[in-house]
Amino acid sequence: MATMNMVRAINSALDVMLARDPDVLIFGEDVGYFGGVFRATDGLAEKHGLTRCFDAPISEGGIVATAIGMGAYGLRPVVEIQFADYILPAYDQLVSEAARLRYRSGGEFWSPITVRSPYGGGIFGGQTHSSSPEAIFAHVSGLKTVIPSNPFDAKGLLIAAIEDDDPVIFLEPKRIYNGPFDGRFDRPVGTWAQHPASEVPDGHYTVPLGKAATVRAGAAVTVLAYGTMVHVALSAVEESGIDAEVIDLRSIVPLDLDAILHSVRRTRRCVVVHEASRFAGFGGELSSLVQERCFYHLEAPIERVAGWDTPYPHAFERDYFVGPARIIAAMQRTLKG
Amino acid sequence: MSNRPRLTLHVPVPKVRPGDRPDFSHVAVPAADAMRRPDVLDAEPGLRDMPYGLIRVLDEGGRAVGAWNPRLDPALLRRGLRAMVLTRAFDTRMFQAHRQGKTSFFMTSTGEEALGAATSMVLGREDMCFPTYRIVSYLMARDYPLLDMVNQIYSNAADPLKGRQLPILYSAREYGFYSLSGNVGSRFGHAVGWAMASAYKGDDRIAISFIGEGTTAEGDFHEALTFASVYRAPVILCITNNQWAISSFQGIAGGEETTFAARAIGYGLPGLRVDGNDFLAVHAATQWAAERARSNGGATLIEFVTYRAAGHSTSDDPGRYRPADEAAHWPLGDPVLRLKAHLVACGEWSEQQHEALESECREAVRAAAKQGEAVGTLGQSKPDTREMFEDVYKQPDWRIVEQRRELGC
Ligand SMILES: Cc1ncc(C[n+]2csc(CCOP(=O)(O)OP(=O)(O)O)c2C)c(N)n1
């Protein structure tokens, strides 16, 4: 056991997998000697060798295409896309190739790649270092999409993603790399060391894909969240005193539908939260599923709290970023309903 | 198994790392007058030696020599020098401003100032530059208001880009400077399309576009070259090879076995390779390509060989991946000092004049920074929150209207 922040936990997962499986290798922009712009691969090239963790040309399409080829050969490549905003040049490879290879070849070929990428806002990164593209992956049959919210889960989910035989998009909420930011810009962010989920085993373990976690049990309303928004939701619950149940989805594909339905049928109210913009966001899918399957249990319309339908703005980041106040207001609306 | 050795995976590594002695022995520096200057309308097959040479004009003594000497008026050279010195003064001050918490991010172009300054003086106001974030000297050479830049960097109430964009990702249509974006490479093809539109309309405007050597790995680069070649677009496509892409040396972009200028050959385009720290050479090569483009001769690919003398950005620490004193060993020197030395050698400039220029530029930047700070730095002042919702579409739809109302603005 060691106390780790999220970056160290991710680094530890990669380290464990490089040591354990010679078919695992890592590449991406600046991930080799330098150790990645967020330091997630720090020390790995030195420890495991240059052909196990190396720099890639600035070509996201090329990175994912070659990873798919390696995966088809039998390797388990783990590639880093420096910011999720830059994954779009690789979107065709992910959608038309990685996602469909097994299906279209009748099971003859498949490619178990893992694509790691820091995502999300709250760091004053402007339009191209802040976005939350999870919905465009969730929409694609054949891809899995995983989003951890704390160091323990990050390591366990990443190992599970690497060992998974399907392609996995692993989105890392960069705002909480170093501490569980709760959406309050007016207070210092605590460090992970004060959080129980920073206790991380040194060795191999997995957190299964498709298992949500109830991070706070409650009876009044179910709040569905993932990534940074888990901490923002918890902070909203604490401030409002509402006895909400907060569920951290941990992976959006596969989705732990049972956990969601079980909770909403008890609380009879549901608020869905994400950073990504609202229209056609993943919240729309969650809201439909709950409506379709819990309609007769619901006491109030399902609420969605999400980013505005604009590109991510620089100066207005704090107006854009979903904070506790908007979640509290949504919870209160469902309680009135 | 055959008795051939087993396959091995090649991963390029730079010759030196932190703690090692800088080594640029792979950068050949031919004599300043070594390169021939072909006719601007020579057919591409006759130009295939060009990508492997290095066009230079300034010799070791600061004299302008050889076929590429553009024989520029000293007054123009002094303006170029001013744009470079101003760029450096601005970079120094605004980098400090970031360190003082006045903004979120900043990038300098230290050591690469000749590229924007010289190209800007070749192209006209009607032409369009599709820049990278390191081509700010293009605006400096056109007297873009420093205060507008400062306000953009502070994302304050007077920010011409209305608080929507990361610092230094300017847009200046009036100055022939296309909107920047944080994703690298994605505008390279826009330059080709813009140039094709000019040809389609029968105008005589041309485009110039820049891309880092690291970013030549993106598909955008290769797509742009294909279209530029197929449609003989009047565009100058420039690679700024500053040796580094954040922590990755140019070998990671494919520079180990060939030059970046030589990419042109496969596309049937002329490829020029130019000393990017030699203001006169940059001007002369750009002039050649501009002439060719304006005469319906189509596109040219130019590799400017330079060196990123500072960190990648305010988030970077180059001491982690390259020798700390590497910049001092760069064989092509410093572009400001080289142009200064040339003007001094011609009797057109002096130490005193240079010092006066430096303090004039520092003062202009200081005044603009102070004025910008009076409006407010990042977080102290911002445009009206309504601006967050404007320009998503030409006319906002109900979503924007509702959300603006929800936020109370
Ligand atoms: C599409 C995309 N991928 C990755 C990045 C992250 N990134 C920003 S700058 C940079 C390096 C660019 O290097 P180069 O093209 O050589 O230009 P230089 O910074 O050296 O001028 C990278 C990888 C990005 N901004 N956009």
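Counting restarts for each chain: residues are numbered from 1 in the order of the written sequence. Lettering for chains starts from A, numbering for ligands starts from 1, and both go in the order in which the items are written. Local features are withheld for residues below a pLDDT of 70 in this predicted model, meaning they are given only at 70 or higher, and side-chain atom pairs are given and counted only at 80 or more; totals for whole chains, interfaces and linings count all residues. Calculated side-chain values reflect all of the structure's heavy atoms, with hydrogen atoms and water omitted.

## Concerning the interface of chain B and chain A
How big an interface is tends to be expressed through the accessible area that disappears when the partners come together.
So, step 1. Listed per partner, the contact involves 44 residues of chain B and 37 residues of chain A.
So, step 2. Take the accessible area each of two parts loses on contact, using a 1.4 Å probe, and add the two losses: that sum is the buried area. With both sides pooled, the region where chain B packs onto chain A buries about 3400 Å², and carbon together with sulfur makes up 64% of that total.
So, step 3. One speaks of a salt bridge when a side-chain nitrogen belonging to Lys or Arg is within 4 Å of a carboxyl oxygen belonging to Asp or Glu. Counting across the chain B and chain A interface gives 2 salt bridges.
So, step 4. A:R326 is the partner of B:E406 in a salt bridge, and the nearest nitrogen-oxygen pair spans 3.9 Å.
So, step 5. Definition of a polar contact: a pair of N or O atoms within 3.5 Å, with one able to donate and the other able to accept a hydrogen when the atoms are protein atoms, and with sequence-neighbouring residues admitted only if both atoms are side-chain atoms. Run the count over chain B and chain A and you get 12 residue pairs in polar contact (both at pLDDT 80 or more).
So, step 6. Under the DSSP-based scheme used, a helix requires at least four consecutive residues in state H or I and a strand at least two consecutive residues in state E, with every element numbered from the N terminus. Looking at which element gives the most residues to the side of chain B that touches chain A, the answer is helix α12 (residues 398–407) of chain B, with 6 residues.
So, step 7. Taken together, the residues that form the side of chain B that touches chain A break down as 20 nonpolar, 13 polar and 11 charged. Residue contacts follow a heavy-atom distance rule, with two residues in contact if any of their heavy atoms lie within 4.5 Å. All amino acids are sorted into three groups, where Ala, Val, Leu, Ile, Met, Phe, Trp, Tyr, Cys and Pro are nonpolar, Asp, Glu, Lys and Arg are charged, and the leftover types, Gly among them, are polar.

## With respect to unusual backbone geometry
So, step 1. A cis amide bond links A:V253 with the next residue in sequence, A:P254, at an omega value of 0 degrees.
So, step 2. Within the element layout of this structure, A:P254 appears in the loop between β12 (251–253) and α9 (257–267).
So, step 3. Even without being glycine, A:R39 reaches a positive phi, approximately 70 degrees.
So, step 4. Looking at the element boundaries, A:R39 is found in the loop between β2 (24–28) and α2 (44–48).
So, step 5. In the Ramachandran plot, B:R232 falls in the positive-phi region, its phi being about 45 degrees despite a non-glycine side chain.
So, step 6. Tracing the backbone through its elements, the reader meets B:R232 in the loop between α6 (219–230) and β3 (235–241).

## Notes on the layout of surface pockets
All names here are of chain B.
So, step 1. Each pocket or cavity is described by its volume, and for the second largest pocket that value is around 530 Å³.
So, step 2. As defined here, a cavity is a set of points on a 1 Å grid over the protein atoms alone where a 1.4 Å probe fits but cannot get out. A pocket is an open set with protein on both sides within 12 Å along at least five of seven lines, and residues line them when an atom is within 4 Å of a point. What lines the second largest pocket is a set of 29 residues, among which H26, V27, Q243, Q250 and G255 lie closest to the centre.
So, step 3. Of the residues in the lining of the second largest pocket, the class split is 14 nonpolar, 9 polar and 6 charged. Grid points are joined across faces, edges and corners, and a volume is the space filled by probe spheres set on the points.

## Re the domain arrangement of chain A
All names here are of chain A.
So, step 1. When cut into domains, chain A gives domain 1 (2–200) and domain 2 (213–336).
So, step 2. These domain boundaries are the output of an automatic or database domain assignment. With centres defined by C-alpha atoms, the gap from domain 1 to domain 2 works out at 25 Å.
So, step 3. At the junction of the two partners, domain 1 supplies 34 residues and domain 2 supplies 29 residues.
So, step 4. For the pair domain 1 and domain 2, the two sides together bury roughly 2600 Å², of which 59% comes from carbon and sulfur.

## As for the pattern of salt bridges
Should the charged atoms of two oppositely charged side chains come close, the side chains can pair.
Residues and elements named next belong to chain A.
So, step 1. Under the defined criterion, the tally for this structure stands at 44 salt bridges over all chains.
So, step 2. Residues D166 and R102 are paired through a salt bridge, measuring 3.2 Å at the closest nitrogen-oxygen approach. Residue D166 is located in the loop between α7 (151–163) and β7 (168–173), and its partner R102 is located in helix α5 (residues 101–104); the two are separated by 64 residues in the primary sequence.
So, step 3. Exposure classes here rest on a 1.4 Å probe applied to the protein chains alone. A residue is buried below 20% of its type maximum, exposed above 50%, and partly exposed in between. The partly exposed category is assigned to R102, whose relative accessible area is 32%.

## Section: the sheet that holds strand β10 (residues 221–225) of chain A
All names here are of chain A.
So, step 1. The pairing criterion is simple: DSSP has to find at least two bridges between the two strands. As summarised here, the arrangement of the 5 strands in space is β9-β11-β10-β13-β14, forming an open sheet in which the pairing is mixed. Either end of the sheet is taken by a strand with one partner, and the two such strands are β9 (213–216) and β14 (303–307). Recorded for the sheet is a direction-independent mean angle of 25 degrees between the axes of neighbouring strands.
So, step 2. Across 5 bridges, β10 lies against strand β11 (residues 244–248) in parallel orientation. Within the sheet, the bridge partner assigned to L224 lies in β11 and is I247.
So, step 3. Contacting β10, β11 and β13 (270–277), α9 crosses the sheet at an angle of about 170 degrees to β11.
So, step 4. Every angle, taken between N-to-C directions, lies between 0 and 180 degrees, and every axis is a line fitted to C-alpha atoms, over only the stretch in contact when it is a helix. Running at roughly 160 degrees to β13, helix α10 (residues 282–294) makes contact with β10, β13 and β14 of the sheet.

## Examining the environment of B:V16
Residue and element names in this part refer to chain B.
So, step 1. Mapped onto the secondary structure, V16 falls in the segment before α1 (74–99).
So, step 2. Owing to a relative accessible area of 9%, V16 belongs among the buried residues under this scheme.
So, step 3. Not counting residues within four places of it along the chain, the set of residues in contact with V16 comprises R21, P22, D23, P323 and E326.

## Considering the domain arrangement of chain B
So, step 1. Domain boundaries in chain B define domain 1 (44–312 + 330–378) and domain 2 (385–409).
So, step 2. Taking the mean C-alpha position of each, domain 1 of chain B and domain 2 of chain B sit 36 Å from one another.

## Overview of the packing of helix α5 (residues 188–201) of chain B against α6(B)
Residues and elements named next belong to chain B.
So, step 1. Running from N to C, α5 and α6 cross one another at 15 degrees; their axes reach a closest spacing of 8 Å. Here α5 lies roughly parallel to α6, going by the angle between them. At the point where α5 passes α6, the crossing takes the left-handed sense. In this structure, α5 contributes F188, G189 and V192 to the contact, and α6 contributes D220, F221, A224, L225, F227 and A228. Throughout, the term roughly parallel applies to angles under 35 degrees, roughly antiparallel to angles over 145, roughly perpendicular to angles from 65 to 115, and oblique to all others. Throughout, a crossing is termed right-handed when the near helix is turned clockwise from the far one, and left-handed when it is turned anticlockwise from it by less than a right angle.

## Description of the sheet that holds strand β5 (residues 114–119) of chain A
All names here are of chain A.
So, step 1. Across the sheet, 7 strands lie side by side as β3-β2-β4-β5-β7-β6-β12; this open sheet has mixed pairing. Single-partner strands in this sheet number two, and they are β3 (53–55) and β12. Mean inter-strand twist for the sheet, computed between neighbouring axes without regard to direction, equals 20 degrees.
So, step 2. The pairing of strand β6 (residues 144–146) with β7 spans 3 bridges and is classified as parallel. The residue of β7 that forms the bridge with V146 is F170.

## Side note on the nonpolar core
So, step 1. Nonpolar cores were defined as sets of buried Ala, Val, Leu, Ile, Met, Phe, Trp, Tyr and Cys residues, with membership established by side-chain atoms within 4.5 Å. Counting residues in each nonpolar core, the largest one holds 79 residues, and the members touching the most others are B:W68, B:L81, B:F90, B:Y170, B:I236, B:L272 and B:F279.
So, step 2. The element contributing the most residues to this core is α1(B), with 11 residues.
So, step 3. If sequence neighbours within four positions are ignored, B:W68 has contacts with B:M35, B:R36, B:R37, B:P38, B:M50, B:I55, B:V57, B:L272, B:A284, B:A285 and B:W288.
So, step 4. Within the second largest apolar cluster, 66 residues are counted, among which are A:I159, A:M229, A:V230 and B:I400.

## Notes on the site of the ligand
So, step 1. Nearness is defined per residue: one heavy atom within 4 Å of the molecule or strand is enough. The immediate surroundings of the ligand are formed by 20 residues, with A:E60, B:Y133, B:R134, B:T215 and B:W244 found nearest.
So, step 2. One chain alone does not account for the residues near the ligand; they come from chains A and B.
So, step 3. Taking A:Y86, its side chain carries an N or O atom lying 3.2 Å from a nitrogen atom of the ligand.
So, step 4. In the model, an oxygen atom of the ligand is placed 2.9 Å from a nitrogen or oxygen of the B:G214 main chain.
So, step 5. The Shrake-Rupley method, run with a 1.4 Å probe, gives the accessible areas here. Residue values count only the displayed protein chains as cover. Notes on the ligand: free accessible area 580 Å², of which the protein chains cover 95%.
So, step 6. Across the shell around the ligand, the residue classes break down as 7 nonpolar, 8 polar and 5 charged.

## A word on the packing of aromatic side chains
So, step 1. For Phe, Tyr and Trp, rings pair up if their centres lie within 6.5 Å, where Trp contributes its six-membered ring, and each pair is then called stacked (planes under 30 degrees apart), edge-to-face (over 60) or tilted (otherwise). Evaluated as defined, the whole model comprises 27 aromatic pairs over all chains.
So, step 2. Charge-over-ring placement is defined geometrically: NZ (Lys) or CZ (Arg) within 6 Å of the ring centre, and within 35 degrees of the ring normal. Across the ring face of A:F34, the terminal group of A:R39 is positioned such that the distance to the ring centre comes to 4.8 Å.
So, step 3. Lying across the ring of A:F279, B:R399 places its NZ or CZ 4.3 Å from the centre.

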